[in-house]
Amino acid sequence: QILREWWIDIDGDDVDDLKSDPTFPDHPDDTEFLDTLEGPTNWDDDYGSRIHGWLYVKNSGQYTFWISSDDESELWLSTDEDPANATLIAFEDSWSAARVWQTGDEQSEPVNLEAGKRYYISAIHKEDGGGDNIAVAWQGPDSENVLQIIPGGHLKPFLPIYAHGPSPANGQVDVPLNVTLTWTPGVDESTLSPYVIQRVYFGTNQAAVANAVTSSPEYKGPPMGAGQYGPLTLDYYRYYYWRIDGVSSATGK
């Protein structure tokens, strides 16, 4: 299955009308689980929705994606399981009837996907008035090279498994020289609760922080509280990088 979220009473037919609403993306009006990557048809007016989660393939190869919607929509796909690495691969900038698979912007370039990996996928949709629909299809080895709506057997609902809501925020400047890092912990998929074990990495070299392990000097240890570490003493005119790892209770990784 895959997770569908929606926000009601939002005017406009542009995806940006949804993205600019203060309740998006963290406070949907409600949610449900879908058996395929397709939302309901002729469901309501003046709303926005997001269908997102992880995509799996059983056979490596080239996959092409299509998005069909009324009104506008965007299809995002990550290079891995992290939503932060997602890029826009197809979009509908007007509207189409349900399950009408058009060439052009509604169709992605072929994407190479590897068996055994999972990829974050997200379809963001905005409906103004009249009819409405949203669906995503693919064609590739797992569909026997037939164009089809992506089935639930290749999908998993989204959970916020990554730490998020960092403070200081990404790119923030004029940070106090004595600062405490804070964040919202990710959810451990094996327990459906925040990670019991977290690891904090911090330093001035972006690559070193990204690639650090517990034996690296960038490793600072566990949090000092629920989603916080510090205080840290910073220098003037320096860039700093930090990373939070959650450790699965099931695998220890």
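Computed from a prediction, not measured in an experiment: that's the story for all the values here. (Residues numbered from 1 in each chain as written. Predicted model: local features only at pLDDT ≥ 70, side-chain atom pairs only at ≥ 80, totals over all residues. Heavy atoms only, no water.)

**Student:** Explain the overall build of the chain here, please?
**Tutor:** When helices and strands are counted, the chain shows two helices and 19 strands. Taking the principal axes of its C-alpha atoms as reference, the chain extends roughly 55 × 40 × 35 Å. For the chain, with 253 residues in total, the buried portion stands at 41%. By sequence separation, contacts in the chain at least 24 residues apart represent 74% of the contacts at least 6 residues apart. Summed over its atoms, the accessible surface of the chain is roughly 13000 Å², and 48% of this surface lies on carbon and sulfur atoms. Taken together, the 14 basic and 41 acidic charged side chains of the chain have centroids lying 14 Å from each other. (Helix = DSSP H or I, 4+ residues; strand = E, 2+ residues; numbered from the N terminus. Buried < 20%, exposed > 50% of the residue type's maximum accessible area, 1.4 Å probe, protein only. Contact = heavy atoms within 4.5 Å. Areas by Shrake-Rupley, 256 points an atom, 1.4 Å probe, with all protein chains shown as cover. Lys, Arg positive; Asp, Glu negative; His and termini not counted. Charge placed at Lys NZ, Arg CZ, Asp CG, Glu CD.)

**Student:** Would you mind going over the sheet that holds strand 13 (residues 178-184) with me for this structure?
**Tutor:** Backbone-to-backbone hydrogen bonds join strands into a sheet, with any given pair of strands oriented parallel or antiparallel. Pairing within the open sheet is antiparallel, and its three strands lie in the order 12-13-18. This sheet does not close on itself; its edge strands, each paired only once, are strand 12 (164-167) and strand 18 (228-233). Taking each pair of neighbouring strands and ignoring which way they run, the sheet shows an average axis angle of 15°. (Pairing = 2+ DSSP bridges. Axes fitted to C-alpha atoms, helices over the stretch in contact; angles between N-to-C directions.)

**Student:** What exactly am I supposed to notice about the environment of Ala98 here?
**Tutor:** For Ala98, the position within the fold is in the loop between strand 6 (86-92) and strand 7 (111-113). Since its relative accessible area comes to 36%, Ala98 is described here as partly exposed. Distance in space between the C-alpha atoms of Ala98 and Thr41 is 7.4 Å, their sequence separation being 57 residues. Once you skip the residues sitting within four places of it in the chain, Ala98 turns out to touch Thr41, Ser68 and Asn133.

**Student:** Looking at this structure, I do not really get a negative patch on the surface. What am I missing?
**Tutor:** Judged by side-chain charge, Asp9, Asp11, Asp13, Asp29, Asp30, Asp44, Asp45 and Asp128 come together as a negatively charged surface patch. Take Asp128: it is sitting in the loop between strand 8 (118-127) and strand 9 (133-139). (Patch = residues over 30% accessible without salt bridge, like charges linked within 9 Å, V, L, I, M, F, W, Y side chains within 5 Å. Salt bridge = Lys/Arg side-chain N within 4 Å of Asp/Glu carboxyl O.)

**Student:** It is not clear to me how the packing of aromatic side chains should be interpreted in this structure. Could you clarify?
**Tutor:** Any two aromatic rings considered together are summarised by their centre-to-centre distance and by the angle between their planes. Within this structure, the stated rule accounts for eleven aromatic pairs. Taking 4.8 Å as the distance between ring centres and 75° as the angle between the ring planes, the aromatic pair formed by Trp43 and Tyr47 counts as edge-to-face. The class for Trp43 is partly exposed, based on a relative accessible area of 31%. When the ring of Tyr120 is compared with that of Phe158, the centres are 5.8 Å apart and the planes differ by 70°; the resulting orientation is edge-to-face. Of this pair, Tyr120 sits in strand 8 while Phe158 sits in the loop between strand 11 (155-157) and strand 12; the two residues are 38 residues apart in sequence, bridging distant segments of the chain. For Tyr120, a relative accessible area of 6% gives the class buried. Each residue in the set Trp6, Trp43 and Tyr47 is aromatic and connected to the rest through ring pairs, giving one cluster. For Arg243, the ring lying beneath its charged end belongs to Tyr201, and the centroid distance is 4.0 Å. (Phe/Tyr/Trp six-rings, centres within 6.5 Å; stacked < 30°, edge-to-face > 60°. Lys NZ or Arg CZ within 6 Å of the ring centre and 35° of its normal.)

**Student:** Would you mind going over the environment of Leu147 with me for this structure?
**Tutor:** Checked against the element boundaries, Leu147 lands in the loop between strand 9 and strand 10 (148-149). When the C-alpha atoms of Leu147 and Phe65 are compared, they prove to be 8.8 Å apart, with 82 residues separating the residues in sequence. The contact partners of Leu147, leaving out residues within four places of it in the chain, are Trp66, Trp101, Ala137, Trp138 and Gln139.

**Student:** Before we go on, may I ask you to explain unusual backbone geometry in this structure?
**Tutor:** Only a minority of non-glycine residues have a phi that is not negative, and only a minority of peptide bonds are not trans. Of the consecutive residues Phe24 and Pro25, the connecting peptide bond is found in the cis state with omega at 5°. In this structure, Pro25 sits in the loop between helix 1 (15-19) and strand 2 (30-34). Backbone torsion omega between Ser167 and Pro168 reads 0°, so that peptide bond is classified as cis. Relative to the elements of secondary structure, Pro168 occurs in the loop between strand 12 and strand 13. For Asp46, which is not a glycine, the phi torsion comes out positive at approximately 55°. Mapped onto the elements, Asp46 comes out in the loop between strand 2 and strand 3 (47-56). Asp46 sits in the partly exposed class, given a relative accessible area of 26%.

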